[in-house]
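For reference, the chains in residue letters:
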Amino acid sequence: AKGLSLGAGFYAASEQVAEIGKVWRTPAYATVDAKIAYEYQNWKFSLVGKNLLNRQYFVPYQYFDARVAPGDSRTVYATVSSKF
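Cut-offs applied
- Residues numbered from 1 in each chain as written.
- Predicted model: local features only at pLDDT ≥ 70, side-chain atom pairs only at ≥ 80, totals over all residues.
- Heavy atoms only, no water.
- Helix = DSSP H or I, 4+ residues; strand = E, 2+ residues; numbered from the N terminus.
- Rg over C-alpha atoms; globule rule 2.2 N^0.38 Å.
- Buried < 20%, exposed > 50% of the residue type's maximum accessible area, 1.4 Å probe, protein only.
- Contact = heavy atoms within 4.5 Å.
- Areas by Shrake-Rupley, 256 points an atom, 1.4 Å probe, with all protein chains shown as cover.
- Lys, Arg positive; Asp, Glu negative; His and termini not counted.
- Charge placed at Lys NZ, Arg CZ, Asp CG, Glu CD.
- Salt bridge = Lys/Arg side-chain N within 4 Å of Asp/Glu carboxyl O.
- Pairing = 2+ DSSP bridges.
- Axes fitted to C-alpha atoms, helices over the stretch in contact; angles between N-to-C directions.

Caption draft 1: The arrangement of the overall build of the protein chain in detail. Broken down by element type, the protein chain carries zero helices and eight strands. Sequence-ordered secondary structure for the protein chain, helices as α and strands as β, is β-β-β-β-β-β-β-β. A compact globule built from 84 residues should have a C-alpha radius of gyration of about 12 Å, whereas the protein chain, at 18 Å, is more than 25% larger. Expressed as a percentage of its 84 residues, the buried residues of the protein chain come to 15%. For the protein chain, contacts bridging at least 24 residues in sequence account for 46% of all contacts bridging at least 6. Just so you have it, the protein chain exposes about 6800 Å², and 57% of that area is on carbon and sulfur atoms. Separation between the mean location of the 10 positive side-chain charges and that of the 6 negative ones in the protein chain comes to 8 Å.

Shown next as structure tokens:
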């Protein structure tokens, strides 16, 4: 299948400090991502999935002490592009 590409991988993060000098940390987590794309002449079509297992995780804000935000849930992106 000329022009077809597939990919998959893991994104892993260790526990992270929520506030410097404190003991509270966000838990470690891992997500599974995948991509399928097809190129034909000047066109490229792709479908990307992030956090496919819909893991719940938290990431610390770098600008506010001891605050965290929920990570992105399962997300799918579809793109179409053309080269001129």
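Caption draft 2: Quick peek at the pattern of salt bridges. Applying the stated criterion across every chain, the model contains one salt bridge. Glutamate 15 serves as the salt-bridge partner of arginine 25, at 3.8 Å between the closest nitrogen and oxygen. Highlighted residues: arginine 25 in strand 3 (residues 25–26) and glutamate 15 in the loop between strand 1 (4–13) and strand 2 (16–17), separated in sequence by 10 residues. Note on arginine 25: relative accessible area 40%, which makes it partly exposed. Looking at glutamate 15, the relative accessible area reads 44%, which means it is partly exposed.

Caption draft 3: Molecular detail of the sheet that holds strand 4 (residues 29–40). An order of 1-4-5-8 is seen for the four strands of this open sheet, with the pairing classed as antiparallel. Pairing within the sheet leaves two strands with one partner each, and these edge strands are strand 1 and strand 8 (75–82). Between one strand axis and the next, the sheet turns by 15 degrees as a mean value, whatever way the strands run. Sheet topology note: the strand 5 (residues 43–50)/strand 8 ladder contains eight bridges and is antiparallel. Considered in strand 8, the bridge of leucine 47 is made with alanine 78.

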